[in-house]
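One letter stands for each residue in the lines below.
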Amino acid sequence: MHFMLQFYENPEERGKHHDPAQVEAYFAGWTAFIGTLAQSGAMVSGNGLLPPDTATTLRVKNGTRQVIDGPFADNKEILGGYVILDVPDLDAALEWAARAPCVTAGSVEIRPILPPPGA
C-alpha cells in the first residue's frame, strides 16, 4: 500500500531554519530520519516544501480564475514536506510517522493514496 506522510510544523519549529543556534540540529534530525527511511526501502519519493508565503492558491468560480498569493487559510501549523511510502499497512506507516522529527512539535498526517484506475 502507498501512504503519504504530510509533515506539519508549528511556527516555533519552523523558525529553527533561521536560528543559527538551532538550524544544524534541526536539519540533522530530518537528514537522519529521511536517510533511515530511504535506506529501509519504504520511501518511494518525497520533498520538503518552501514556506506558505511562497505558495499561490487557485480557485475557479463561474469560469473565472481567482489567484491568491500564499495560503488561503490561516493555520498555526504549516505543511513543511511530504514522503510517499510503500509499506504493507497503516500500522507500518504509523511507525514511520512516529519517528518524524516534527511529530512532537507539530503533526504528521498519514493518508492512503488512491490506487490507479483499474488496479
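Now for a look at the structure at hand. Note that this is a predicted model, so its numbers are computed, not measured.

Calculation criteria
- Residue numbering note: each chain is counted from 1, following its sequence as written.
- Predicted model: local features are reported for residues with pLDDT of at least 70 only, side-chain atom pairs are reported and counted for 80 or more only, and whole-chain, interface and lining totals are derived from all residues.
- Based on all heavy atoms of the structure, the side-chain values leave hydrogens and waters out of the count.
- Comment: elements are numbered from the N terminus, with helices defined as DSSP H or I runs of at least four residues and strands as E runs of at least two.
- The cut-offs for exposure are 20% and 50% of the maximum accessible area for each residue type, with area from a 1.4 Å probe on protein chains only; residues under the lower value are buried, those over the upper are exposed, and the others partly exposed.
- Here, two residues are considered to be in contact whenever any of their heavy atoms come within 4.5 Å of each other.
- Polar contact criterion, stated in full: a pair of N or O atoms within 3.5 Å, where within protein one must be able to donate a hydrogen and the other to accept it, and residues adjacent in sequence count only if both atoms are side-chain atoms.
- The length a helix should cover is 1.5 Å for every residue beyond the first.
- Of all possible arcs, the one meant is that of the directions from the helix axis to the C-beta atoms.
- Pairing of aromatic rings covers Phe, Tyr and the six-membered ring of Trp, with a centre-to-centre limit of 6.5 Å; geometry is then stacked below 30 degrees between planes, edge-to-face above 60, and tilted otherwise.

## Observations concerning the environment of threonine 36
Right, so step 1: Mapped onto the elements of the fold, threonine 36 is located in helix α2 (residues 23–40).
Right, so step 2: Looking at threonine 36, the relative accessible area reads 33%, which means it is partly exposed.
Right, so step 3: Sequence-wise, threonine 36 and tryptophan 96 are 60 residues apart; in three dimensions their C-alpha atoms are separated by 9.9 Å.
Right, so step 4: Setting aside chain neighbours within four positions, we find threonine 36 in contact with Trp96 and Arg99.
Right, so step 5: Of the polar contacts made by the side chain of threonine 36, one reaches the backbone oxygen of alanine 32; its length is 2.9 Å.

## With respect to unusual backbone geometry
Right, so step 1: Even without being a glycine, asparagine 62 presents a positive backbone phi close to 55°.
Right, so step 2: With respect to the helices, strands and loops of the structure, asparagine 62 is situated in the loop between β3 (56–61) and β4 (64–69).
Right, so step 3: A residue is classified by how much of its surface remains accessible, and asparagine 62, at 84% relative accessible area, is exposed.

## Quick notes on the environment of isoleucine 113
Right, so step 1: Residue placement: isoleucine 113 occurs in the segment after β6 (106–112).
Right, so step 2: Assessed through its relative accessible area of 35%, isoleucine 113 is described here as partly exposed.
Right, so step 3: Spatially, the C-alpha atoms of isoleucine 113 and valine 67 are 27 Å apart, while their sequence positions differ by 46 residues.
Right, so step 4: With near-sequence residues (within four places) excluded, isoleucine 113 lies in contact with His2, Phe3, Met4 and Ile84.

## Some thoughts on α2
Right, so step 1: Compared with an ideal rise of 1.5 Å per residue, which puts 18 residues at 26 Å, α2 spans 26 Å between its outermost C-alpha atoms and is within 8% of the ideal.
Right, so step 2: Among the residues of α2, Tyr26, Trp30, Phe33 and Leu37 are the ones counted as buried. With its buried residues spanning 65° around the axis, α2 presents them on a single face. More than 90 degrees from the buried face of α2, the exposed residues found are Glu24, Ala25, Thr31 and Gln39.
Right, so step 3: Buried residues along α2 sit against β1 (2–9), α1 (11–14), β2 (43–48), β5 (78–86) and α3 (90–97).
Right, so step 4: Glycine 41 occupies a position one or two residues after α2 and carries a positive phi of about 90°.

## Observations concerning the packing of aromatic side chains
Right, so step 1: Following the criterion strictly, the structure yields 4 aromatic pairs and no others.
Right, so step 2: With a centroid separation of 5.9 Å and 85° between ring planes, the pair formed by phenylalanine 7 and phenylalanine 33 is classed as edge-to-face. Pair noted here: phenylalanine 7 is in strand β1 and phenylalanine 33 is in helix α2, with a separation of 26 residues, a long-range link. The exposure classification of phenylalanine 7 matches that of phenylalanine 33, with both residues buried.
Right, so step 3: Geometrically, the ring pair formed by tryptophan 30 and phenylalanine 33 is edge-to-face, given 6.0 Å between the ring centres and 75° between the ring planes. Here tryptophan 30 and its partner phenylalanine 33 are both found in helix α2, 3 residues apart, which amounts to about one turn of the helix. Phenylalanine 33 shares its class with tryptophan 30; the two are buried.

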